[in-house]
Amino acid sequence: FAAVCLFDVIEHLDNPVAVLREVVRVLRADGQTLLVTPTWQYGGWSDSMYHVTEYTIAQLVWQLNATVGLTVTNVATIGGMYRDAVVTAKKIA
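Student: Provide a residue-level description of the overall build of the chain, including the pertinent values.
Tutor: From N to C terminus, the chain includes two helices and four strands. Ordered by position from the N terminus, the helices and strands of the chain form the series β-α-β-α-β-β. On C-alpha atoms alone, the chain measures out to a radius of gyration of 13 Å, which is about the 12 Å that the 2.2 N^0.38 rule sets for 93 residues. Projected onto its principal axes, the C-alpha positions of the chain cover 40 × 25 × 20 Å.

Shown next as structure tokens:
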């Protein structure tokens, strides 16, 4: 695939490393992934009933860079009531 998008997915996963490895496996050599997730908020989670993990932006970047075959290329946030992290990463050879 040229791109894999994970919109509000990673925070629900028991094993995000396995899913990120699968993303790397299915991406073509120059493929990109786009990941959007609510960021952890000091004092509480945005959905503690259904979220396994809520990441700070630094933790999310670390998780993606620690996945063999991915390197983070861009980081942004969505403000307002959602406060989402938006991260793109590229498959590296």
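Following the structure, the description resumes.
Student: Can you explain unusual backbone geometry? Please cite residues and give values.
Tutor: Phi at D8 takes a positive value of approximately 55°, unusual for a residue other than glycine. Residue position: D8 is located in the loop between β1 (3-7) and α1 (16-26).

Cut-offs applied
- Residues numbered from 1 in each chain as written.
- Predicted model: local features only at pLDDT ≥ 70, side-chain atom pairs only at ≥ 80, totals over all residues.
- Heavy atoms only, no water.
- Helix = DSSP H or I, 4+ residues; strand = E, 2+ residues; numbered from the N terminus.
- Rg over C-alpha atoms; globule rule 2.2 N^0.38 Å.

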